[in-house]
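Structural description and commentary
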Amino acid sequence: FQLYGYCYQDSNDIPDTLTTITELGSPLEMIQLLQTSWEDRFRICLSLVRLLHYLAHSPLGSVTLLDFRPRQFVIVDGELKVTDLDDASIEESSCTSNSDCFMEFPARNFTLPCSVEGRCQSMNEKRNLYNAYRFFFTYLLPHSAPSSLRPLLDKIVNATGNCNKHGDAKYSFFSLTPVPSVNSEFTQKCVKSANTKYRRVPEAFIPDENYRCWPSYHHKGCLLSVFDINEAIEICDSYSQCKAFVLTNQTTWTGRQLVFFKMASNRIMPDPDKITYVKVTD
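Residues numbered from 1 in each chain as written. Predicted model: local features only at pLDDT ≥ 70, side-chain atom pairs only at ≥ 80, totals over all residues. Heavy atoms only, no water.

The protein goes by PKDCC kinase in an unreviewed UniProt entry, where it is assigned to Halcyon senegalensis.

Now the structure itself:
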């Protein structure tokens, strides 16, 4: 979380007062996140993985967030950031035997090894990891994921939910899914329908004729991301109300192009930054 400034002062009522000024973010609402595109949810998970890795290898040592819940995070420009560090701790639990290194969660429990130094090995890191699994990964990753990536995503979810493995192994799973892979495998390239033809209208836009679809980047219309023109055609063919679509010059964070899908093409307006495709009926 970006710290823009802070002010330290003594107060008569509260001694040692520290006021921080941080960047503004949007509260994290899980129900709203589940209504967004999988691509955006994957981006949030990537930012969470980077945070987990930093907490595990911070200059202060391994840091755990004792109150690791969605309300402790905000969304800033599509990235997940922690906003409340009051419950952060760098103390690894002391132990005399493995039984002292017991982690209890609602769904399952773990017992970690006690090191020769008398500390529970990687307890801070694995507590963060399992909390990320049960609050974020298990909901955001599998839901409406592209079929080509589901085997890898299953490995990620299963690995993060198994704290008996080495922590860095979980982070490495995300390195197997770089942004170019998401862009190319998010939806495999489609074959243009032989029974449907579209008329290309360059530098044109359809301002009205919207219908709603899910998931959409626009709450009053059907705005989706596509890999190429063939995928846009397949999407339009899959909706009975779709009679046209408009390619914009906007892209998502992985480079996929945003496309408006329309239920008619009665009024077409000039727009140098867009290309309209109208379904030709026999």
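The rest of the description comes next.
This brings us to the overall build of the protein. Scanning the protein from terminus to terminus reveals 7 helices and 14 strands. The burial tally for the protein puts 44% of its 282 residues in the buried class. When contacts within the protein are restricted to residue pairs at least 6 apart in sequence, those whose partners lie at least 24 apart make up 64%. Accessible surface, the protein as shown: approximately 15,700 Å² in total, 50% of it carbon and sulfur. (Helix = DSSP H or I, 4+ residues; strand = E, 2+ residues; numbered from the N terminus. Buried < 20%, exposed > 50% of the residue type's maximum accessible area, 1.4 Å probe, protein only. Contact = heavy atoms within 4.5 Å. Areas by Shrake-Rupley, 256 points an atom, 1.4 Å probe, with all protein chains shown as cover.)

Our focus in this paragraph is helix 2 (residues 38-56). Three or four residues apart is the spacing at which side chains of an α-helix point the same way, because the helix has 3.6 residues per turn. Over its 19 residues, helix 2 runs 27 Å from end to end, which matches the ideal 27 Å to within 8%, given 1.5 Å per residue. In terms of burial, helix 2 is a largely internal element, 14 of the 19 residues being buried. (Expected span 1.5 Å × (residues − 1).)

This part is about the sheet that holds strand 6 (residues 79-82). Across the sheet, 3 strands lie side by side as 3-5-6; this open sheet has antiparallel pairing. This sheet does not close on itself; its edge strands, each paired only once, are strand 3 (26-27) and strand 6. Across 4 bridges, the pairing between strand 5 (residues 73-76) and strand 6 is antiparallel. Paired with V74 across the two strands is K81, which belongs to strand 6. Contacting strand 5 and strand 6, helix 2 runs over the sheet at an angle of about 40° to strand 6. (Pairing = 2+ DSSP bridges. Axes fitted to C-alpha atoms, helices over the stretch in contact; angles between N-to-C directions.)

Attention now goes to the state of the cysteines. Evaluation of the coordinates by the stated rule reveals 4 disulfides. Residue C101 pairs covalently with C120 via a disulfide, S to S 2.1 Å. For the disulfide bridge between C101 and C120, the dihedral angle about the S-S bond is near -90°, and by the sign convention the bridge is left-handed. A residue pair is termed long-range when its members are at least 10 positions apart, and C101 in the loop between strand 7 (88-89) and strand 8 (102-104) and C120 in the loop between strand 9 (109-111) and helix 3 (123-140) qualify at 19 residues. The residues C101 and C120 share a single accessibility class, namely buried. Covalently, C213 is tied to C222 through a disulfide, its sulfur atoms 2.0 Å apart. (Disulfide = S-S within 2.5 Å.)

It is worth spelling out the pattern of salt bridges at this point. Taken as a whole and assessed by the stated rule, the structure comprises 9 salt bridges. E79 is the partner of R43 in a salt bridge, and the nearest nitrogen-oxygen pair spans 3.2 Å. Highlighted residues: R43 in helix 2 and E79 in strand 6, separated in sequence by 36 residues. On the basis of relative accessible area, R43 is assigned to the partly exposed category, the value being 22%. Here D237 makes a salt bridge to K279, at a shortest N to O gap of 3.9 Å. (Salt bridge = Lys/Arg side-chain N within 4 Å of Asp/Glu carboxyl O.)

This next bit is on the environment of E231. With respect to the helices, strands and loops of the structure, E231 is situated in helix 7 (residues 229-238). Overall, E231 belongs to the buried group, its relative accessible area being 3%. Separated by 3.0 Å, the side chains of E231 and R256 make a polar contact. (Polar contact = N/O pair within 3.5 Å; in protein donor to acceptor, adjacent residues only side chain to side chain.)

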